[in-house]
Amino acid sequence: MSKRNILKIIAFVVGLYFFLEYILPEKVGGEFDSYEVNSPVCVEKQGKKLQFYVGNYYKGRGNIGRMVKTDSGWKKDPKPVLQRSLFLRFDQYGLAEPDCAMTPGGLTLLYMGQNEKEPVLCFAESSDDGKTFQKKGPAVFATNDLFKVSENNPNGFLPDKIKTFAAEYANGQWEVFLFTMTYRVFRAAGPDLKHLRLEEEPLVGATLTEKSPNAFDVALEGGAPTLFYIMDREILKFKKDASGQWTPLTWKAPAGNGSNDTMYAGGRYNSADGTLYLGTRQTQKGRPIDSPFETTLCAVKLRDLSDGSPLATEMTFYKKVGAQPRPTYLSYGTEWAGKFLTVVGSFAIFIAMINLMLFHGKKIYQSALNYNAPLGEEKLPGGGAPMRNFLKNAGYSAVFLIFLAVMIVCALKGQTDEAEGTGWKTTFDFLFNAIQAPMGSAVFSMITFYMISAAYRSFKVRSLEAGFLMAAAIVCMVGQMPIGELLASLVPESWKLLQLPWLSGKLLSVLNAAAYRAVLIGTLIGSVAISLRIWLGLDNSVYSSVD
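Note that the structure is a prediction, hence the values are computed from the model and not measured. (Residues numbered from 1 in each chain as written. Predicted model: local features only at pLDDT ≥ 70, side-chain atom pairs only at ≥ 80, totals over all residues. Heavy atoms only, no water.)

(A) Examining the overall build of the chain more closely. What the chain contains, in helices and strands, is eight helices and 23 strands. Looking at the 547 residues of the chain, the share that counts as buried comes to 39%. Considering only residue pairs separated by 6 or more positions, the chain has 48% of its internal contacts joining residues 24 or more positions apart. Counting only carbon and sulfur atoms, one obtains 61% of the accessible surface of the chain, whose full area is about 31,200 Å². (Helix = DSSP H or I, 4+ residues; strand = E, 2+ residues; numbered from the N terminus. Buried < 20%, exposed > 50% of the residue type's maximum accessible area, 1.4 Å probe, protein only. Contact = heavy atoms within 4.5 Å. Areas by Shrake-Rupley, 256 points an atom, 1.4 Å probe, with all protein chains shown as cover.)

What follows is the structure, encoded as structure tokens:
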């Protein structure tokens, strides 16, 4: 068998491995909360306790699960009751920090939707004890009667980005408190989560803004709001006194499950039974695919003790992460395959750099010989010509070698911790930021003209496929422009499929992403094959040959 056939077989096997690793599940079994659990909230309906919590199956990919209190303890539903969306842009990356309340129509669940921009406060409704929820979109705030939303402001008017929130429903009225990124607390109220009147000024109180909580909750006690701050190692309860000041009551963090590094990750207070439902976490050493924290859910009975006694004696742990998935025969080699590709690619780049130096060095050497050769014995066209001809044949090669050497030396000398402020660091930054980056931008700018020319030829509707391509291009371009948002505002929310920004986002994030992944798989297979060819010296291009 020839070397070429052997190489083809190796490339095919490696490519097949990556292809199967991509299309097949990396792990078998497991549950949606096998990575981490946090942020529980408990609500009672007709004597039955229901609890909702965030279960992560991967870092930052949160779903909301449900548990029901039975005589034997908490019983978990096998599947989440609310999951991240594929099409709604507000919670495509996951859900976090749920809060739940009983309303005349059933259960209303509020949560922070994670996305590529900034978290959005959303809500969903259920009429079957939380077994299923229907998403209703973002909550909308305004300081007046103009409840207007846009692509960049899905929650309407907000004075700042939301860090965390708390909500309470009583007497047909919602009260929502927002803790913002600038350590301010704002209050909003209204009968409908789509029409919440936001107070223009934040709540006054120095103690409210001197700390930033991991979780934040509110309870109505005697009609007056009581705020709870859940910190890393303590719980703060804020209540207004007669003078209108917010006075805190502090509880120290318990020892948790026997370790002093246990911290609170989030939770909510249930005023019906005086219990604070919490998520706890402590650092653990695990495999890279596992969570760096050991997380649990627990219930804490709050006692009004002025001495701030720990709560460990009244702390009940009832939920850990779900069943861990078990690796398949493919996932056992994932880490090894990744390291193998990295090593092979590194060797290929290093060898290619050496061969480039040999190739361009040979050009300079031959041009130098040719420059001094007697007439009639030239090895290159124009032998015996002046320096102009030498530069024509080997000038770019000389420039390449000079800058390659300078960049290597400056990178080795200027990219160390001790090089900050030195001439090596300054030279490297100048060469990279002032020469390399602008030249790269210039090259891509030139490519733009070729893309426009190709797009013009492609958009000639000569077939049905070309018509689809042109329609998709128009939707994507208009949907990303301000006029797209203007046109979308004229379309009612029930006709979301006709809103160009939404449709443009789906074309780019779903259809285009699927095609891109297919191309990426092919590119990875080709990258492995090319890296192996260069590494083994079987490539006949200029990158591995000086002949």
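Once the structure has been displayed, the description carries forward.
(B) Representation of the sheet that holds strand β10 (residues 141-142). The five strands lie next to each other as β10-β14-β13-β12-β11, forming an open sheet whose pairing is mixed. Two strands in the sheet have a free side with no partner beyond their single neighbour: β10 and β11 (162-170). Taken together, the eight bridges between β11 and strand β12 (residues 173-180) define a ladder with antiparallel strand orientation. In the strand pairing of β12, Ala 170 is matched with Gln 173. (Pairing = 2+ DSSP bridges.)

(C) View of the sheet that holds strand β9 (residues 134-138). Spatially, β6-β7-β8-β9 is the arrangement adopted by the four strands of the open sheet, whose pairing is antiparallel. Every interior strand has two partners, whereas the edge strands, β6 (94-103) and β9, have only one. Going across the sheet, the axis of each strand differs from the next one's by a mean of 25 degrees, ignoring polarity. Two elements, β6 and strand β7 (residues 106-114), share eight bridges in a ladder whose sense is antiparallel. By the bridge assignment, Gly 94 is partnered in β7 with Gln 114. (Axes fitted to C-alpha atoms, helices over the stretch in contact; angles between N-to-C directions.)

(D) Looking closely at a nonpolar patch on the surface. Taken together, Ile 474, Met 477, Met 481, Ile 483, Leu 486, Leu 487 and Leu 490 make up a surface patch of nonpolar side chains, about 690 Å² in accessible area. Contributions of two or more residues to the nonpolar patch are made by α6 (464-479) and α7 (482-489). The element that contributes the greatest number of residues to the nonpolar patch is α7, accounting for three residues. The topology assignment puts Leu 486 in helix α7. (Patch = residues over 30% accessible without salt bridge, like charges linked within 9 Å, V, L, I, M, F, W, Y side chains within 5 Å. Salt bridge = Lys/Arg side-chain N within 4 Å of Asp/Glu carboxyl O.)

(E) Examining the packing of aromatic side chains more closely. Per the stated rule, a full pass over the model turns up twelve aromatic pairs. Geometrically, the ring pair formed by Phe 179 and Tyr 229 is edge-to-face, given 5.7 Å between the ring centres and 90 degrees between the ring planes. Of the two residues, Phe 179 is situated in strand β12 and Tyr 229 in strand β16 (residues 224-230); the sequence distance between them amounts to 50 residues. Accessibility expressed as a relative area gives 0% for Phe 179, which makes it buried. In this arrangement the basic side chain of Arg 61 is found over the ring face of Tyr 93, its NZ or CZ atom lying 5.1 Å from the centre. Between Arg 268 and the ring centre of Phe 165, over which it is positioned, the NZ or CZ distance is 4.9 Å. (Phe/Tyr/Trp six-rings, centres within 6.5 Å; stacked < 30°, edge-to-face > 60°. Lys NZ or Arg CZ within 6 Å of the ring centre and 35° of its normal.)

(F) Just the layout of surface pockets, in detail. The calculated volume of the second largest pocket comes to roughly 730 Å³. In terms of lining residues, the second largest pocket is bounded by 29 residues, among which Asn 38, Ala 96, Glu 97, Ala 265 and Arg 281 are the most central. Secondary-structure elements contributing two or more residues to the lining of the second largest pocket are β2 (36-45), β3 (48-58), β4 (61-70), β6, β7, β11, β19 (263-270) and β21 (293-301). Top element by residues in the lining of the second largest pocket is β2. It accounts for four residues. The class makeup of the residues in the lining of the second largest pocket is 14 nonpolar, nine polar and six charged. (1 Å grid on protein atoms, 1.4 Å probe; cavity = no way out; pocket = protein on both sides within 12 Å on 5 of 7 lines; lining within 4 Å. Points joined across faces, edges and corners; volume = space filled by probe spheres on them. Nonpolar A, V, L, I, M, F, W, Y, C, P; charged D, E, K, R; others polar.)

(G) Representation of the nonpolar core within the structure. Grouped together as the largest cluster of nonpolar side chains are 20 residues, with contacts concentrated most on Leu 110, Leu 121, Phe 141, Trp 174, Val 176, Leu 178 and Leu 196. Residue contributions to this core peak at four residues, all from β11. One finds Val 41, Phe 52, Cys 100 and Phe 133 within the second-largest nonpolar core, a separate group that totals 18 residues. (Core = buried A, V, L, I, M, F, W, Y, C linked by side-chain atoms within 4.5 Å.)

(H) Spotlight on the pairing of strand β17 (residues 234-240). Pairing of β16 with β17 involves four bridges; the strand directions are antiparallel. Of the residues in β17, the one forming a bridge with Tyr 229 is Leu 236.

(I) Here's a closer look at unusual backbone geometry. You will see that Gln 46, though not glycine, has its phi angle at about 55 degrees, which is positive. Along the chain, the position of Gln 46 falls in the loop between β2 and β3. By relative accessible area, which is 79% here, Gln 46 ends up exposed. Residue Tyr 183 is not a glycine yet carries a positive backbone phi of 65 degrees. You can see Tyr 183 is positioned in the loop between β12 and β13 (185-192).

(J) Focus on the pattern of salt bridges. On inspection of all chains with the given rule, the structure shows 14 salt bridges. Among the salt bridges present, the one from Lys 76 reaches Glu 31, with a minimum N-O distance of 2.9 Å. Pair noted here: Lys 76 is in strand β5 (residues 73-76) and Glu 31 is in the loop between β1 (27-28) and β2, with a separation of 45 residues, a long-range link. Notably, a salt bridge pairs Lys 211 with Glu 234, separated by 2.6 Å at the nearest N-O pair. Separated by 23 residues along the polypeptide, Lys 211 in the loop between α2 (206-209) and β15 (215-221) and Glu 234 in strand β17 bring together distant segments of the chain. Beyond isolated ion pairs, a larger network of salt bridges with shared partners links Glu 31, Asp 33, Lys 76 and Lys 319.

(K) Main features of the environment of Glu 97. Position of Glu 97 relative to the elements: it lies in strand β6. Through-space distance from the C-alpha of Glu 97 to that of Ile 64 is 9.3 Å; in sequence the pair is 33 residues apart. Dropping the residues within four chain positions of it, Glu 97 is found in contact with Ser 39, Val 54, Leu 110, Tyr 111, Met 112, Lys 163, Thr 164, Phe 165 and Arg 268. Within polar-contact distance, the side chain of Glu 97 engages the side chain of Thr 164 at 2.5 Å. (Polar contact = N/O pair within 3.5 Å; in protein donor to acceptor, adjacent residues only side chain to side chain.)

(L) Main features of the environment of Leu 498. Position of Leu 498 among the secondary structure elements: in the loop between α7 and α8 (500-535). Overall, Leu 498 belongs to the exposed group, its relative accessible area being 54%. Sequence-wise, Leu 498 and Ala 488 are ten residues apart; in three dimensions their C-alpha atoms are separated by 7.8 Å.

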